[in-house]
Each structure stands twice: as structure tokens, then as C-alpha cells.
Amino acid sequence: MKTKIIGVPLNFGANKCGLEFSIDNFVERYPEYKEKIKILEVEKQTEDFSIKKVKYINTVSKICEKLAENVNEVIKNNGFPISLGGDHAIAIGSIAGVSKEKKVGLLWIDAHGDMNTPDISSTGHIHGMSLATSLGYGHSKLINGFFSGIKVKKEDVILFGTRDIDVKEQKLIDELGIKNYTWEKIQKMGFEKALEEVRKFFRKRNLHISLDLDVIDPREITAVGTPVVGGLTREMGKILISEMIDTASVTSIDIAEYNPIYEKNGETCEYIYELLQLIEEEIN
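Conventions and cut-offs
The numbering scheme is per chain: residues are counted from 1 as the chain's sequence reads. The predicted nature of this model means local features are confined to residues of pLDDT at least 70 and side-chain atom pairs, given and counted, to a pLDDT of 80 or more, with totals for whole chains, interfaces and linings taken over all residues. Calculation of side-chain values draws on the structure's entire complement of heavy atoms; hydrogens and water are dropped beforehand. Comment: elements are numbered from the N terminus, with helices defined as DSSP H or I runs of at least four residues and strands as E runs of at least two. Exposed residues in this analysis have more than 50% of their type's maximum accessible area, buried residues have under 20%, and partly exposed residues fall in between, with area computed by a 1.4 Å probe over protein chains only. Here a polar contact means two N or O atoms within 3.5 Å. Within protein one must be a hydrogen donor candidate and the other an acceptor candidate, and residues neighboring in sequence count only if both atoms are side-chain atoms. When the centres of two rings from Phe, Tyr and Trp lie within 6.5 Å, Trp using its six-membered ring, the rings pair. Their planes under 30 degrees apart give stacked, over 60 give edge-to-face, and anything left gives tilted. Charge over a ring is defined by NZ of Lys or CZ of Arg lying within 6 Å of the ring centre and within 35 degrees of the ring normal. Strand pairing is assigned whenever DSSP detects at least two bridges linking the two strands. Here a crossover is taken to be right-handed if, once the strands point away from the viewer, the path from the first strand over the helix to the second is traced clockwise. Nonpolar cores are built from buried Ala, Val, Leu, Ile, Met, Phe, Trp, Tyr and Cys residues. Side-chain atoms within 4.5 Å join them into one set. Note on definitions: a residue-residue contact is assigned when non-hydrogen atoms from the two residues lie within 4.5 Å. In this analysis an axis means a line fitted to C-alpha atoms, helices contributing only their contacting stretch, and an angle means the value between N-to-C directions, from 0 to 180 degrees. Roughly parallel means an angle under 35 degrees; roughly antiparallel, over 145; roughly perpendicular, 65 to 115; everything else is oblique. Crossing handedness is read from the near helix: turned anticlockwise from the far helix by less than a right angle, it gives a left-handed crossing, and turned clockwise, a right-handed one. Classification convention: Asp, Glu, Lys, Arg as charged; Ala, Val, Leu, Ile, Met, Phe, Trp, Tyr, Cys, Pro as nonpolar; all other residues, Gly among them, as polar.

K.L.:
Help me out: how do you make sense of the environment of Thr182 in this one?
P.N.:
Its place among the elements puts Thr182 in strand β6 (residues 179-182). According to the relative accessible area criterion, Thr182 is partly exposed, its value standing at 24%. Here the alpha-carbon distance between Thr182 and His112, two residues 70 residues apart in the chain, equals 9.5 Å. A distance of 3.0 Å separates the side chain of Thr182 from the backbone nitrogen of Lys185, its partner in a polar contact.

This is how it looks when you write it as C-alpha cells:
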């Protein structure tokens, strides 16, 4: 397979400035990727600003539909799509794009659960609803994007590295029985043991990986919009990705939530570069 990187400089899912500069900033630092990344334009749509429970839904659903089309095309051509963002709402589109062609499991690597719905979200930000949406919980316009119905089954999902989950969000996770390797749990059992269990669960199965950069300890990378104390080391993140590619039939990957406004010494951009190099080496 050949990797195809699709850049999505979306910030409307998080309602936070800076994310829209994510792809441009990365390419500026690593110009060798200029010709390797297809950047999708985020087209602003007419919005009803009286709707507070699911903000910028028309704009977010539009770009997710466009990303789904692009990911789906890569999958149908036996390629390996890497969706680079931009806020984590992009996962709604990338997962839709791959799951139309293949039944996939989902490894959600994130400090947050992203299992909010419009009814329980305290902010109305869609990036915090992206996993729930893919499982069929949330706004119908997002759930049925690209094709009708759920994109991934709840029993095929693992959360990894979480350490900041809302109370109502946790209740939904518990009700659905979603496997959740919190950072606390990973520390107690050991990273190697947790990794082995995840590998065993997804062994030889189709797998989409969705990585939010805030899963990494903010002492190691800074350029994320919602940092949380603790988390995986940079090396753990790379080991996790590498081991899953070796173990499962990984179909596609997201790398989300790069916000260059919070960059200090270029370490986050460098980490994205390292991840892309690792994935390309493993896949191409």
C-alpha cells in the first residue's frame, strides 16, 4: 500500500483559533511534505447561531463529508489514508470514509473520551462528540454523513490513554460497555501489559487508529488545545502505533488536534513528522 496524507485544517469542531494553521505550519517546517499532503479547504457554511448544543454543524458536516469522500477513494484504490488535522471532529469523516468499504475496529488514542452528545455536552463542540457520533449517538446529520447509519460497533472500540472524561460522558461509556484503558489503569498495569491486551484484541482485524495529540504528556509536546496533566510519552505513542501496524490490519490513521499557537520549540510539529515517518516506513 501507499500512504496518502489528507490535511484538514479544521477548527470549527473545537471552536478554537489556531487549528486552522495546523497544516500550513507543518508544511512550512517540513517543506518536503508540501507535495505529499492534499489539503482540503474548509468551506464555511450558513449556520444557525441560536443552536448551542451542536455548534457549526453545517460547516463541520460539510468538511467531514469531503474528507470521507477522499478517504474512501484512497481505500478503494488500495491506499492507506492518513488524515491530519485540525480538530478531532475530522475523525467523523475519516471513519465514515473507510467504514463504507470495510468493517473496522477503532483504537481511539486520546486524553478525552469524545463520547459527548448534543444532549450532554457542556460546550456544544463537535470534536468532543466525534467518537459518539461514529457509534451512532448524537445528531442525525453527523451520524448519517456520507452514508446512513453507524460507522463502528461499540464492541469493536478501545479507548486508550484517557484521563479527562465528563461525568455524563463516562456514564454513556459505561452503559455501552466500551473498553477504556485510562491513563491511571495503564500506569497501574504497566504500558507493556496494556499494549499486549490491545494487540490481542485487534490481532489480524481491520483497524482504524485515531490519535489525538493531547494523549501525549504536555511536558513533552505543547501544541494542543486541551492539554491534560499526565499521559503517554512520545516514545510510547510511537511504540503503540508501530505495534498495532505490525499486529492488526491497520487501514487508516488520524493525527488530530495540532494547534501551532501553543508551540514552544517546534517539538509537537517534530513529533507529527516522526509519526508520519514511522507510518510511511511501516506501510509503504
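There is more to say, and it comes next.
K.L.:
Looking at this structure, how should I read the packing of aromatic side chains?
P.N.:
Aromatic ring pairs are defined here through the distance separating the ring centres and the angle between the ring planes. In the structure shown here, the tally under the stated rule is 10 aromatic pairs. Centroid distance Tyr30 to Tyr273: 4.3 Å. Interplanar angle 10°. Geometry classified as stacked. Highlighted residues: Tyr30 in the loop between α1 (22-29) and β2 (37-39) and Tyr273 in helix α10 (residues 267-283), separated in sequence by 243 residues. Residue Tyr30 is classed as buried on the basis of its relative accessible area, which comes to 17%. Summarising the aromatic geometry, the rings of Phe201 and Phe202 are spaced 4.9 Å apart at their centres and angled 85° between planes, so their arrangement reads as edge-to-face. Judged by relative accessible area, Phe202 falls into the buried class, the value being 0%. In this structure an aromatic cluster arises from ring pairing among Phe26, Tyr30, Tyr33 and Tyr273. Here the guanidinium or amino end of Lys36 rests over the ring plane of Tyr33, the centre of that ring lying 4.4 Å away. Its end group placed over the ring of Phe201, Arg205 keeps NZ or CZ at 4.9 Å from the ring centre.

K.L.:
Please explain the pairing of strand β8 (residues 249-256) as it appears in this structure.
P.N.:
For a regular strand, side-chain orientation follows a simple rule: the groups alternate between the two sheet faces. Among the 8 residues that make up β8, 7 are buried, leaving the element largely enclosed by the rest of the structure. In the sheet, strand β3 (residues 80-85) pairs with β8 via 3 bridges, with the strands oriented parallel. Counted as the bridge partner of Leu84 is Ile255 from β8. In terms of handedness, the path from strand β7 (residues 206-212) via helix α9 (residues 234-247) over to β8 forms a crossover that is right-handed.

K.L.:
What exactly am I supposed to notice about the nonpolar core here?
P.N.:
Note on soluble globular proteins: their nonpolar side chains tend to be buried together. Formed by 50 residues in total, the largest nonpolar core has its most connected members in Leu107, Phe160, Leu232, Ile255 and Ile279. Here the element with the most residues in this core is α10; it accounts for 8 residues. Apart from residues lying up to four places away in sequence, Ile279 is in contact with Thr3, Phe80, Ile82, Ile241, Ile245, Ile253 and Ile255. Core analysis: the second largest hydrophobic core is formed by 39 residues, Ile6, Val98, Val104 and Leu142 among them.

K.L.:
Could you clarify how one ought to interpret the sheet that holds strand β5 (residues 157-162) in this entry?
P.N.:
In a beta sheet, neighbouring strands are held together by backbone hydrogen bonds and run either parallel or antiparallel to one another. The strand order β2-β1-β3-β8-β7-β4-β5-β6 describes an open sheet built from 8 strands, whose pairing is parallel. Every other strand in the sheet has two partners, leaving β2 and β6 as the edge strands with one partner each. The mean angle between the axes of side-by-side strands here comes to 20°, regardless of whether they run parallel or antiparallel. In this fold α1 packs onto β1 (3-8), β2 and β3, with an angle of close to 150° to the strand it touches most, β2. Its contacts with the sheet place α9 against β4 (105-109), β5, β7 and β8, and it is angled at close to 160° to β8.

K.L.:
Looking at this structure, how should I read the packing of α9 against α10?
P.N.:
Packed helices, taken two at a time, are described by their axes: the angle between them and the distance between them. The geometry of α9 relative to α10 is characterised by a closest axis approach of 10 Å and an angle of 20° between their N-to-C directions. For the element pair α9 / α10, the angle class is roughly parallel. Seen from above, α9 lies across α10 with right-handed handedness. On α10, the residues touching Arg234, Gly237, Lys238, Ile241, Ser242, Ile245 and Asp246 of α9 are Glu267, Glu270, Tyr271, Glu274, Leu275, Leu278, Ile279, Glu282 and Ile283. A per-class count over the contact of α9 with α10 returns 7 nonpolar, 2 polar and 7 charged.

Purely geometric stuff here, so don't read any function into it on its own.
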